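Architecture at a glance
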Amino acid sequence: MPMSSHQVSQQFEHCLSVIRQASIEILTLLKMRVTEGKDPRWFLEQLDQARLNLGGWGVVAKRLQINDSQLSEFMLQLRHLQQGTASYEQGVAATENQLIAAQRFIVTLEQLKQQQPLLTFNTHYASDAEQRQEMAQRQIRTIELVINGLISRVWPDAAHLHHYLKSHFDAHDVARWQAQSPTGEILDGMSFSERALLIVDKKAFSRHYASLFNSGAALTFLAEQRLTLHTFLDDIRRMRNKLLAQIPLTEMECLLLEHYTQQITAPVQRAYEQGRVRVNPASLMSADGSEVQHFWEQAMEAAQAWGPDARSIADGIEKQYRKIQARTDAREKLIAGVLWGAVGVTLFGITLGGVSLLTSTPQPQASVEPRDDIALREPAVTPPPSPREILARRGITWDNNGLRSAIDRNDIEVSTLFLRGGMNWQLAWTDHAMSSQHEAVLNLLLRYRQQMDEPKPCRRFINTLTHELSQGAQLTAIRKSYLQTFCTQPAVVARQRLAVENAEKRSRAVGDAQSKNRLMIQKSIYEVIR
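On a predicted model such as this, the values are computed, not experimentally measured, just so you know.

The next thing to look at is the nonpolar core. Across soluble globular proteins, you tend to see nonpolar side chains buried next to one another. Of all hydrophobic cores here, the largest spans 101 residues; its most connected members are Ile26, Leu47, Leu150, Leu165, Tyr209 and Leu233. Per-element tally for this core: the top contributor is helix H1 (residues 5–29), with 11 residues. If sequence neighbours within four positions are ignored, Leu165 has contacts with Val174, Trp177, Ile186, Met190 and Leu198. Ala406, Met423, Ile478 and Cys487 belong to the second-largest nonpolar core, a separate cluster that totals 43 residues.

Let us look at the side chain of Asn241. Inspection of the secondary structure puts Asn241 in helix H11 (residues 225–244). Using a relative accessible area of 18% as the deciding quantity, one classes Asn241 as buried. Residue contacts for Asn241: discarding those within four places in its chain leaves Asp309 and Ala310.

This structure, assessed with the given rule, holds two cavities of 30 Å³ or more. There is about 60 Å³ of room inside the largest cavity. Asp431, Met434, Phe461, Thr464, Leu465, Glu468 and Arg479 together form the lining of the largest cavity. If you list the elements that add at least two residues to the lining of the largest cavity, you get helix H19 (431–436) and helix H21 (458–470). The class makeup of the residues in the lining of the largest cavity is three nonpolar, one polar and three charged. In this structure, the second largest cavity encloses a volume near 40 Å³. Lining the second largest cavity are Val146, Ile147, Leu150, Ile199, Phe213, Leu229, Leu233 and Ile264. Only helix H6 (129–154) and H11 provide two or more residues apiece to the lining of the second largest cavity.

Okay, the confidence of the model for the chain next. Across the chain, the average pLDDT comes to 85, with 85% of residues at or above 70. Highest mean pLDDT in the chain belongs to helix H13 (residues 281–285) (95); lowest belongs to helix H15 (residues 317–359) (59). pLDDT under 50 marks residues 321–328. Its contacts with residues more than four places away, or in other chains, come to five contacts. Every residue in residues 364–379 is under pLDDT 50, and counting partners more than four places away or in other chains gives zero contacts.

With that settled, consider H11. In this model H11 runs 28 Å from its N-terminal to its C-terminal C-alpha over 20 residues, within 8% of the 28 Å that 1.5 Å per residue would give. Taken from the residues just after H11, Gln246 is the one with a positive phi, measuring 60°.

Here the phi dihedral of Lys31 falls at roughly 65°; this positive angle occurs in a residue that is not glycine. Assignment of secondary structure puts Lys31 in the loop between H1 and helix H2 (40–54). According to the relative accessible area criterion, Lys31 is exposed, its value standing at 59%.

Among all positions in helix H22 (residues 477–486), only Ile478, Arg479, Tyr482, Leu483 and Phe486 are buried. Buried residues in H22, looked at end-on, bunch into an arc of 145°, giving them a common side. Those residues of H22 hidden inside the fold are in contact with H19, helix H20 (439–447), H21 and helix H24 (513–529).

A few words on the packing of aromatic side chains. A full pass over the atoms with the stated rule returns 12 aromatic pairs. Ring plane angle 75° and centroid distance 5.3 Å describe the contact between Phe169 and Trp177, whose orientation is recorded as edge-to-face. Judged by relative accessible area, Phe169 falls into the buried class, the value being 5%. Residue class for Trp177 comes out buried when judged on its relative accessible area of 1%. Taking 4.1 Å as the distance between ring centres and 25° as the angle between the ring planes, the aromatic pair formed by Phe232 and Tyr260 counts as stacked. With Phe232 in helix H11 and Tyr260 in helix H12 (residues 251–273), this residue pair connects regions lying 28 residues apart in the sequence. The pair Phe232 / Tyr260 is uniform in exposure class, with both members buried. An aromatic cluster of three or more residues is present, and its members are Phe43, Phe74 and Phe105. Positioned over the ring face of Phe121 is Lys113, at 5.4 Å from the centre of the ring.

So, on to the packing of helix H9 (residues 192–200) against H11. It is at 10 Å that the axes of H9 and H11 come closest, and there the two elements cross at 170°. The angle between the axes of H9 and H11 places the two elements in the roughly antiparallel class. Across the interface between the two elements, Phe192, Ser193, Arg195, Ala196, Ile199 and Val200 from H9 touch Arg226, Leu229, His230, Leu233, Ile236, Arg237 and Arg240 from H11. Of the residues in the contact of H9 with H11, the class split is seven nonpolar, two polar and four charged.

What follows covers the side chain of Gln82. Examined against the element boundaries, Gln82 turns out to sit in helix H4 (residues 68–89). Once you skip the residues sitting within four places of it in the chain, Gln82 turns out to touch Pro40, Arg41 and Leu44.

This brings us to the pattern of salt bridges. Taken as a whole and judged by the stated rule, the model has 22 salt bridges. The salt bridge partner of Arg79 is Asp408, with a shortest N-O separation of 2.9 Å. In this pair, Arg79 sits in helix H4 while Asp408 sits in helix H17 (residues 400–409), placing the two residues 329 residues apart along the sequence. Measuring nitrogen to oxygen at the nearest pair gives 3.6 Å for the salt bridge that ties Glu291 to Arg141. Of this pair, Glu291 sits in helix H14 (residues 289–306) while Arg141 sits in helix H6, placing them 150 residues apart in sequence. Residue Arg141 is classed as buried on the basis of its relative accessible area of 7%.

Packing of H22 against H24 brings their axes to within 8 Å, and their N-to-C directions diverge by 55°. The angle between H22 and H24 falls in the class oblique. Pair H22 / H24 crosses with right-handed handedness. Along the contact surface, H22 presents Lys480, Leu483 and Gln484, while H24 presents Ile525, Val528 and Ile529.

Cut-off values and rules
- Residues numbered from 1 in each chain as written.
- Predicted model: local features only at pLDDT ≥ 70, side-chain atom pairs only at ≥ 80, totals over all residues.
- Heavy atoms only, no water.
- Core = buried A, V, L, I, M, F, W, Y, C linked by side-chain atoms within 4.5 Å.
- Buried < 20%, exposed > 50% of the residue type's maximum accessible area, 1.4 Å probe, protein only.
- Helix = DSSP H or I, 4+ residues; strand = E, 2+ residues; numbered from the N terminus.
- Contact = heavy atoms within 4.5 Å.
- 1 Å grid on protein atoms, 1.4 Å probe; cavity = no way out; pocket = protein on both sides within 12 Å on 5 of 7 lines; lining within 4 Å.
- Points joined across faces, edges and corners; volume = space filled by probe spheres on them.
- Nonpolar A, V, L, I, M, F, W, Y, C, P; charged D, E, K, R; others polar.
- pLDDT = per-residue confidence, 0-100.
- Expected span 1.5 Å × (residues − 1).
- Arc of directions from axis to C-beta.
- Phe/Tyr/Trp six-rings, centres within 6.5 Å; stacked < 30°, edge-to-face > 60°.
- Lys NZ or Arg CZ within 6 Å of the ring centre and 35° of its normal.
- Axes fitted to C-alpha atoms, helices over the stretch in contact; angles between N-to-C directions.
- Parallel < 35°, antiparallel > 145°, perpendicular 65-115°, else oblique.
- Salt bridge = Lys/Arg side-chain N within 4 Å of Asp/Glu carboxyl O.
- Left-handed = near helix turned anticlockwise from the far one by under 90°.

Structure, rendered in structure tokens:
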């Protein structure tokens, strides 16, 4: 059931109070002298100052007893929260998305608290813990069965589904799913993350599922509904793993799960009432307690037999399929190269032997004294570790969040490893680096400009730049370089020329200082890209 605006604001304020207390303890561990916690933006600034004082993010992570990947996730969650709190601080009521950002960050704080025993802040919320655990089991079961129902709606025939999986995944995976299934249905042999991938894959979502989640109020936490659904389902995967390991969810995780369940199931429920789908989330939520218990018993048996669902939900089926194909092609090329090399060596040996027989003359054999010398062998040359291997050894996960966080931290070394390893990046990830004048990492990204794969990034980039310039920022050389590199297409130039014309009309009509300043900003951007 959706929460009222008053309930959202009340919970959001509770979250902020928890974060303020946690920030004091964390900053104290980092040798920062603070007496009271403030807003998330202040917390970010203090963490950056602690980094400078201690000599780098590596020292910060060591003091908090976490690895680089966990620190990256921590900073990413905090930055997401900070971006959503500005309007609340100005007196506007909190939204559900702001509350979700705050609760996700508190869950991250709880994970940090488990690894650093010196942290003692309290994240509890007044609630019946036992009742929430039972509700969480129902909610996760409902979401899992809704996923199964939506996939079955697209692939009602088992043979067609089997063919689809074989054409998009490795044959060994398909065989494994078939073998693991207790019912013979291939979906029952797949992990939660593997089934979720069939929903959140970019092509599959746009083709089959986007119409179900077309409500303007659902799944708006991130820029795209698909990305929001991907994020929510991956968080649910982690919660599901905790329950399977018989570790109770925290109260904050239970509250967060309520939001996820509402936003995922409400559009499906509406589609069911309209007769577009057969799966009924409300009926699944009100199932008998014995059915819920039986579901979790089966899930625990599967986890014990096949291991936990430890891998995050992949970015897309196509990327995974390309990796499989690349491995297969490389293996086939290696085998073919070895075989052809062996044939070449054999032919060369036969030819050389025949020539030597024809041209050689018999000579008396000289006696050769036995020697005890041992021929020196060249040591085997170990290939240097790949960038991915170096990152893995440091505990940094190979994903977009790792690179994005490294860019935000101005971490040249980690960013270089990601880029050398072939990871793509997006212009949107440079906003914080631009505002913080992290020119080192920005120049690094320009050297890997071919790996910038954000579609049509210039409208958002220019809008953000315009706002920052209006707040007093400067059109620096690095900002000009990015404009000239990525925003000189004819369509972008034409749109900016129109923005200049509109600003001129407004300046003539109004004539105040603000309109004149906006005109100057629009002209300065246009002069760079035209």
